Amino acid sequence: MRAPSSLIAGIALAAVALTGIQQVCAQSPDMTRESSDSVSYVKHPDGAYSVYRRGLNKEGKREMVSKTYTSKGELASRNVYFTGKYGHLTACHIFDNKNNLLYKVSYGYDKKARLIEERMFDANDKNNDGSPKVVQRVLYYYDSSGNRSKPVVVNLNSAIPTIRPTMEDDPYQTAAPKPAARPATPPASR
């Protein structure tokens, strides 16, 4: 079963939320956020909304569950994020609105515990050798001051539309720099 592109866009939005709901809302003035200690609500510009709940699961492990609803209030997707001992993300399971597992995501960190990569695997497809099939990679780079770059998205599955960060400017839509003005008359030769 393949996910429709609107579901993929919702998944991308939820993935951006991993980096911090406050950061996402700060990037889009149209989004609103309400929260308590364990629940956050985000209303999206198109009328859809997401609910994020943090807590312990049945096994006593930390997790965050996000549910994204359409503007009509219908469930669009459910994501379950698992966190480690220090609150860092370790994995995510992405379900559709019928509770079918679509994707699994793993997170990689550098020696300074900074997120450097997210790998999304198709939960229902494997490579010829039986290994999980990677369908997307999201890479992050850090400058010498420790500032993280915008995500670099590498789509490895042509059947799924490329997911770009929905809360950031599209780097390909930026205006090209204007060429320097030329003098009205050519310079005098010597």
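A few points on the structure.

### Some remarks on the side chain of T68
Working step 1: Structurally, T68 is set in strand β4 (residues 62-69).
Working step 2: Residue T68 is classed as buried on the basis of its relative accessible area of 7%.
Working step 3: One polar contact links T68 to S50, side chain to side chain, over a distance of 3.0 Å.
Working step 4: When sequence neighbours within four positions are dropped, the list of residues in contact with T68 reads Y49, S50, E74, L75, A76 and S77.

### With respect to the pairing of strand β6 (residues 89-96)
Working step 1: Summarising the sheet, strand β5 (residues 75-83) and β6 pair through seven bridges and their orientation is antiparallel. Paired with S77 across the two strands is D96, which belongs to β6.
Working step 2: The antiparallel hairpin formed by β5 and β6 contains five residues in its connecting segment, where G87 sits at a positive phi of about 90°.
Working step 3: Two elements, β6 and strand β7 (residues 101-109), share five bridges in a ladder whose sense is antiparallel. Each bridged residue has a counterpart across the sheet, and for A91 the counterpart in β7 is S106.
Working step 4: Hairpin connection, β6 to β7: the antiparallel pair is bridged by four residues, and N99 has positive phi, about 70°.

### Things to note about unusual backbone geometry
With the exception of glycine, the majority of residues adopt a negative phi angle, and the majority of peptide bonds are in the trans configuration.
Working step 1: One non-glycine residue, N99, lies in the positive phi region at around 70°.
Working step 2: Along the chain, N99 turns up in the loop between β6 and β7.
Working step 3: The phi dihedral of A113 is positive, around 65°, even though this residue is not glycine.
Working step 4: With respect to the secondary-structure elements, A113 resides in the loop between β7 and β8 (115-126).
Working step 5: Judged by relative accessible area, A113 falls into the exposed class, the value being 61%.

### So, the packing of aromatic side chains
Working step 1: Taken as a whole and assessed by the stated rule, the structure comprises one aromatic pair.
Working step 2: With 5.0 Å between their ring centres and 20° between their planes, Y49 and Y69 make a pair best called stacked. Pair noted here: Y49 is in strand β3 (residues 49-56) and Y69 is in strand β4, with a separation of 20 residues, a long-range link.
Working step 3: The positively charged end of R78 is found above the aromatic ring belonging to F95, 4.2 Å away from the centroid.
Working step 4: One residue, R148, lies across the ring of Y140, its end atom 4.4 Å from the ring centre.

### Quick notes on the pattern of salt bridges
Working step 1: Counted under the stated rule, the structure contains four salt bridges.
Working step 2: Of the charged contacts in the structure, one is a salt bridge between D125 and K133, with a shortest N-O distance of 3.4 Å.
Working step 3: Given the relative accessible area of 27%, D125 is considered partly exposed.
Working step 4: The class of K133 is partly exposed, set by a relative accessible area of 29%.
Working step 5: Linked by salt bridges that have partners in common, E117, R119 and R137 make up one network.

### Structural notes on the environment of G55
Working step 1: As for its placement among the helices and strands, G55 is situated in strand β3.
Working step 2: It is 9.2 Å that separates the C-alpha atoms of G55 and V39, two residues lying 16 residues apart in sequence.
Working step 3: Those residues in contact with G55 that sit more than four places away from it in its chain are K61, R62 and E63.

Cut-offs and rules
Along each chain, the written sequence defines residue order, and numbers are assigned to residues from 1. Only residues with pLDDT of 70 or above have their local features reported here, since the model is predicted, and side-chain atom pairs are shown and tallied only from 80 upward, although totals for entire chains, interfaces and linings are computed over all residues. Hydrogens and waters are ignored; side-chain quantities use all the structure's heavy atoms. Runs of H or I in DSSP of at least four residues are treated as helices and runs of E of at least two as strands, each being numbered from the N terminus. Under the scheme applied here, a residue whose accessible area is under 20% of the maximum for its type counts as buried, over 50% as exposed, and between as partly exposed, the area being computed with a 1.4 Å probe on protein chains only. For this analysis, a polar contact is any N or O atom pair within 3.5 Å, provided that within protein one partner can donate a hydrogen and the other can accept it, and provided that sequence-adjacent residues contribute only side-chain to side-chain pairs. Any two residues whose heavy atoms approach within 4.5 Å are treated as being in contact. Pairs of strands are assigned from DSSP output, requiring at least two bridges between the strands. Ring pairs shown here join Phe, Tyr and Trp side chains whose ring centres sit within 6.5 Å, with only the six-membered ring taken for Trp; geometry is labelled stacked below 30 degrees between planes, edge-to-face above 60, and tilted in between. Working rule: Lys NZ or Arg CZ, within 6 Å of ring centre, within 35 degrees of ring normal, means a charge sits over the ring. The rule for a salt bridge is simple: a side-chain nitrogen of Lys or Arg has to be within 4 Å of a carboxyl oxygen of Asp or Glu.

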